[in-house]
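Here's the letter readout for the chains.
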Amino acid sequence: MLDALTGLTTRRPWWVLVAALLAVVGAVVLGSGVADRLRAGQGTEDPSSESALAGDVLEEHFPDSRPNLILLVEAEDGVDDREVAGRALGLAEGLAYEDSVAGVTSYWQTGSEELKSDDGSRALIAAHVSGTEDVAGPAVAGIAEDYGGEHGPLTVSVGGQTAVLNDIESTIADDLLRSEMIALPLTLLILVWVYGSVVSAVLPLLVGVVAIIGTNAVLYVIAGFTDVSVFAQSLTIALGLGLSIDYALLMVRRFRAELAAGADPRTATAITVRTAGRTVVFSALAISAALAAMLLFPLYFLRSFAYAGVTVVALAALASLVVLPALLTLLGPRVNSLDPRRLLRRRDGAAEPLSPEDAADRRWQRLTRLVMRRAPLFAVVALIVLVVAGLPFLRVEFGMADDRQLPSGTESRQVMDVIRDDFGSTATGAVDVLVHSPPEDTDTDALDAYASTLSTLDNVDEVRSPLGVYTDGANTRARTPVDALRESEDLAYLQVIPDPRVEDISPQSQDLVRDIRAVDSPLETSVSGQAAAVVDAQTAIAEQIPLALTAVVASMLVLVYLLTGSLVLPLLSVLFNGLSLTAMFGAVVWVFQDGNLSGPLGFTPTGFIDTALPVLMFCIAFGLSMDYGVFLMSRMREEYDRVGDHRAAVELGLRRTGGIITAAAVTLAVVLVAIGASSVTNTMMLGWGVALAVVADATVVRCLLVPSVLRMTGRATWWAPAPLRRFHRAFDATLGEGAAEPVRRDGPAAADPGPAHPHTPANGPSAAPDTESVLPGAAGHDRKNTEVAHARD
């Protein structure tokens, strides 16, 4: 397979680039309108759950019971002033005549005290705007333009769920543009420093642009068939840039090393695709498997990230294996051109220092040998650091993100803040109970008894029903004045009003939902509302987590075995990857749930974490950890095949990939932090959390834990029974041999010497020291010795 790609890219490079350019142009045209197709809804509800199905029924039969548009009316003279009341009634009546509005309820129509603020200066007009998000969103935007602002003595602000979703969509669009403006220049500067060449630094960005543009086109098509969350665009940019940089770093560095070793451009490209390309294939498969696990969950928020993630990973790998090799073949030695550091050194008259790759190689050599000499100590220290960092996650609380993930200055957020602070809990926190086929009017005892029982539950202030209002089991009023509480032909519904001290979405409100569902009644009932949606989402996630974890772990075990031929390394890899996530999960709770650093980061802590976010962050971070693990294990396996010595293979593998992993982690962290600079809390949490996981994996795990543990496992690390070894050799032959030898004029094959020194001729020897002169026992090993090493295993 890899040989076929090599032939395509080295023999017809111009054809490949022209075809890629045409594909990119087509993707730009197709994907330009992707933002208009994506949904701004939370997407964290299970569409087949009790709460969702009951919500659909309530929206159809009692639309004004589920208002998604709220006008907050404020008057200095108080909302009961005659002129104020006249103006407000006019607004409510005008709103009722809007084509998209199905029902309107206001304080001035009903006299309900729950729709008036505690100080009497504000009151609410609540309405339901019909249609899906695609229809309701623009309708609410038009209503906000017509009804918001000053109306004589009134000041009207627009809020409600649909207004919040509109603001989330526009805020994310602005944030993504800003993150691109931050990430691209910083990434280019880092890459120029890493490569020492402007030409080499531009190549990863080109691959990333191809992957992002292609993914937008694919998402445009997918969004025509199913729901796709607008939040998925953040992942497209982060993974598109991050993985393209990772893969291009690996490919370009190997290509430059082969040029420095004396290979011509076509041969260098062929070796690069067969070695580094093999690593790219396994990395893409590993990350895609982790992200694809989100397809098992019914929440379209998670499924959206699977659509975007798997697509962008596949396109980043494809561009790295097809487009990038074609560019490298045409560039040849010019890939090292435009080194700004050389110009600075000439201007200063400084002597030529070691190349950054050589200096980094020596630092990694010293670090690796130190860690392996004190392996038990470093392993214990790394484990303690990671476990302690993850302890805050033990007190995690789950909920559903609401308007408070928006910046505090957003109008829809301000409206909802006022409702929380100055109005009763009925405005946003009621739990809806749909009663199917209620008793006839002449026999309402069952409904009466059920409503009375609900009113006695803990944390219930009152229950409203078609029969009246119930407080602690007593019917306190003959009929409720709220129009939404009415009977249909075969349906009725109750509103359970929580205690004012209970937040809309909190552990107490979720417990209330469970208590309501546990009430024994002859009636057929369904519970809906925000708190019920959170409970059902948690249930849906909990039911699928075992299957998702099994799928992820099983796929990783198989992939690492196919990569290395070992049965021990796959188990260790899963353990390493799991430990690398502890710091992320601990920090998410400590920062975003507990509110530490909320001031500097600029978000409002709610005391809980969105139920779906830990699953999303696990899949992304676990996949990225596998990315770096594949880089390291692939090179260790190559060196082990070449030198036949376990300790030397671990040392060489870390030395030759340590710089790549560090550079890749830094650049990816920059991209993720730029995404995390979003003013939407969920996006902020995703960016900062995964960035921390990437840094922890590239430092504590890859630098300390991996070499120390592998030093202790010794040659047993590579163990596999004979039949599996034979199968692995056959698989390698099908994919393309991974341990291809560099072409050298000065001796036997050596490990990747790193990019050429800036002043080393393209056909001259490498500036990096030969492996054979560094490691005892490595000299004289050729491919026959490799077979002997396999036989010894």
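Residues numbered from 1 in each chain as written. Predicted model: local features only at pLDDT ≥ 70, side-chain atom pairs only at ≥ 80, totals over all residues. Heavy atoms only, no water.

## Quick look at the overall build of the protein
Condition: Only DSSP runs of H or I reaching four residues or more are called helices, and only runs of E reaching two or more are called strands; each is numbered from the N terminus. Remark: exposure states derive from per-residue accessible area (1.4 Å probe, protein chains only) relative to the maximum for the residue type, with buried under 20%, exposed over 50%, and partly exposed in between. Note on contacts: a residue pair is in contact if any heavy atoms of the two residues lie within 4.5 Å.
In terms of regular secondary structure, the protein is built from 28 helices and 13 strands. Among the 793 residues that make up the protein, the fraction classed as buried is 59%. Intrachain contacts of the protein at a sequence separation of at least 6 include 79% that bridge at least 24 residues.

## Quick look at the environment of Tyr-493
Tracing the sequence through the fold places Tyr-493 in strand β11 (residues 491-498). Sequence spacing of Tyr-493 and Ser-465 is 28 residues, and the spatial spacing of their C-alpha atoms is 6.6 Å.

## Considerations on the nonpolar core
Cut-off, in case you're wondering: As used in this record, nonpolar core signifies buried Ala, Val, Leu, Ile, Met, Phe, Trp, Tyr and Cys residues forming a set joined through side-chain atoms within 4.5 Å.
In terms of nonpolar packing, the biggest core is built from 194 residues, with Leu-95 and Tyr-247 touching the most fellow members. At 18 residues, the largest contribution of residues to this core is made by helix α23 (residues 613-643). Listed in part, the 22 residues of the second largest apolar core include Val-431, Tyr-450, Val-463 and Leu-523.

## Topic: α23
Under the convention used in this document: To estimate the expected span of a helix, subtract one from its residue number and multiply by 1.5 Å.
Here α23 spans 45 Å end to end across 31 residues, near enough to the 45 Å set by a 1.5 Å rise per residue. For α23, the buried fraction is high: 31 of the 31 residues fall into the buried class. Positive phi appears at Gly-644, one or two residues downstream of α23, with a value of about 70°.

## Comments concerning the sheet that holds strand β5 (residues 154-159)
Cut-off, in case you're wondering: When DSSP finds at least two bridges between two strands, those strands are taken to pair. Every axis corresponds to a line fitted to the C-alpha atoms, with the helix fit spanning only the stretch in contact, and the corresponding angles, defined between N-to-C directions, vary from 0 to 180 degrees.
Taken together, 5 strands build an open sheet; the order of strands is β2-β3-β1-β5-β4 and the sheet is antiparallel. Of all the strands in the sheet, the pair left with one neighbour each is β2 (101-106) and β4 (149-151). Here the strands of the sheet are splayed against their neighbours by 25° on average, with no regard to which way each runs. Sheet topology note: the β2/strand β3 (residues 122-129) ladder contains 5 bridges and is antiparallel. The residue bridging Val-104 from the neighbouring strand is Ala-127, located in β3. Across the sheet, helix α5 (residues 82-96) lies against β1 (69-75), β2, β3, β4 and β5, angled at about 160° from β2, the strand it touches most.

## Details of the packing of helix α10 (residues 232-260) against helix α24 (residues 646-676)
Applied cut-off: Roughly parallel means an angle under 35 degrees; roughly antiparallel means over 145; roughly perpendicular covers 65 to 115; every other angle is labelled oblique. Crossing handedness: left-handed means the near helix sits turned counterclockwise from the far one by under a right angle, and right-handed means the same turn made clockwise.
In the contact formed by α10 and α24, the axes pass within 9 Å of each other and the chain directions differ by 165°. If you check the angle between α10 and α24, you find them roughly antiparallel. Handedness of the α10/α24 crossing: right-handed. Contact with α10, carried on its side by Ser-234, Ile-237, Ala-238, Leu-241, Gly-242, Ile-245, Asp-246, Leu-249, Leu-250 and Arg-253, involves Gly-659, Ile-660, Ala-663, Ala-664, Thr-667, Leu-668, Val-671, Leu-672 and Ile-675 of α24 and no other residues of that element.

## What about the side chain of Asp-432?
Along the chain, Asp-432 falls in strand β7 (residues 431-436). In this structure Asp-432 touches Leu-58, Arg-66, Tyr-493, Leu-494, Gln-495, Ser-526, Val-527 and Ser-528, once residues within four positions along its chain are discounted.

## Section: the pairing of β11
Extensive coverage of β11 is indicated by the burial of 8 of its 8 residues. Pairing of β7 with β11 involves 6 bridges; the strand directions are antiparallel. From the neighbouring strand, His-436 faces β11, where its bridge partner is Leu-491. Relative to β11, strand β8 (residues 460-465) runs antiparallel, the two sharing 4 bridges. Looking across to β11, one finds that Arg-464 is bridged to Gln-495.

## Thoughts on the pairing of β5
Two faces belong to every sheet, and in a regular strand the side chains alternate between them. Bridge count for β1 against β5 is 6 bridges, and the pairing is antiparallel. By the bridge assignment for β5, Leu-71 is matched with Val-158. Pairing of β4 with β5 involves 3 bridges; the strand directions are antiparallel. Paired with Glu-150 across the strands is Thr-155, a residue of β5.

## Regarding the confidence of the model for the protein
The test is simple: For every residue, the predictor reports its confidence as pLDDT, a number between 0 and 100.
Mean pLDDT over the protein works out to 80, with 85% of the residues at or above the 70 mark. For the protein, per-element mean pLDDT is lowest for helix α27 (residues 771-774), which scores 32, and highest for helix α21 (residues 582-593), which scores 93. Taken together, the stretch residues 738-793 has pLDDT below 50 and engages in 132 contacts with residues farther than four places along the chain or on a different chain.

## A few points about the packing of aromatic side chains
Aromatic ring pairs are described here by two measures, namely the spacing of the ring centres and the angle between the planes. Our working rule: Only Phe, Tyr and Trp rings take part, Trp by its six-membered ring, and two of them pair if their centres are within 6.5 Å. Stacked means planes under 30 degrees apart, edge-to-face means over 60, and tilted covers everything else. Distance and angle both matter: a charge sits over a ring if NZ of Lys or CZ of Arg is within 6 Å of the ring centre and within 35 degrees of the ring normal.
According to the stated counting rule, one finds 9 aromatic pairs in the structure shown. When the ring of Tyr-107 is compared with that of Trp-108, the centres are 5.6 Å apart and the planes differ by 75°; the resulting orientation is edge-to-face. The residues Tyr-107 and Trp-108 share a single accessibility class, namely buried. On the basis of an interplanar angle of 70° and a centroid distance of 6.1 Å, the ring pair of Phe-282 and Phe-731 is categorised as edge-to-face. You can see Phe-282 sitting in helix α11 (residues 265-292) and its partner Phe-731 sitting in helix α26 (residues 722-735), a full 449 residues away along the chain. The ring of Trp-15 has Arg-12 sitting right over it, with the charged end atom 5.2 Å from the ring centre. When the ring centre of Tyr-220 is taken as origin, the NZ or CZ atom of Arg-37, which lies over that ring, is 4.0 Å away.

## Side note on the side chain of Ser-598
Where we set the bar: Here a polar contact is recorded for every N or O atom pair within 3.5 Å, except that within protein the pair must consist of a potential hydrogen donor and a potential acceptor, and residues adjacent in sequence are included only if both atoms are side-chain atoms.
Considering the arrangement of structural elements, one finds Ser-598 in helix α22 (residues 598-601). Assessed through its relative accessible area of 17%, Ser-598 is described here as buried. Of note is the side chain of Ser-598, whose polar atom sits 2.8 Å from the backbone oxygen of Gly-595.

## Concerning unusual backbone geometry
A positive phi angle, near 65°, is found at Asn-459, a position not held by glycine. When you line up the elements, Asn-459 lands in the loop between α17 (445-454) and β8. In the Ramachandran plot, Leu-597 falls in the positive-phi region, its phi being about 70° despite a non-glycine side chain. Looking at where Leu-597 falls in the secondary structure, it is placed in the loop between α21 and α22.

## Some remarks on the packing of helix α19 (residues 530-564) against α23
Contact pair α19 / α23: the axes reach a minimum separation of 11 Å and the direction vectors enclose 10°. Taken together, α19 and α23 sit at an angle that is classed as roughly parallel. Note on element contacts: α23 touches α19 through Val-615, Phe-618, Phe-622, Met-626, Val-630, Met-633, Ser-634 and Arg-637, opposite Ile-541, Leu-549, Val-552, Met-556, Val-560, Leu-563 and Thr-564.

## A word on the environment of Leu-235
Tracing the backbone through its elements, the reader meets Leu-235 in helix α10. A residue is classified by how much of its surface remains accessible, and Leu-235, at 3% relative accessible area, is buried. When the C-alpha positions of Leu-235 and Phe-305 are compared, they lie 7.0 Å apart, and in sequence the two are 70 residues distant. Beyond its immediate chain neighbours, meaning those up to four positions away, Leu-235 contacts Gly-240, Phe-305, Gly-309 and Ile-620.

## A look at the environment of Leu-5
Within the fold, Leu-5 resides in helix α1 (residues 2-11). For Leu-5 and Gly-277, which are 272 residues apart along the polypeptide, the C-alpha to C-alpha distance reads 9.7 Å. Apart from residues lying up to four places away in sequence, Leu-5 is in contact with Leu-321 and Val-322.

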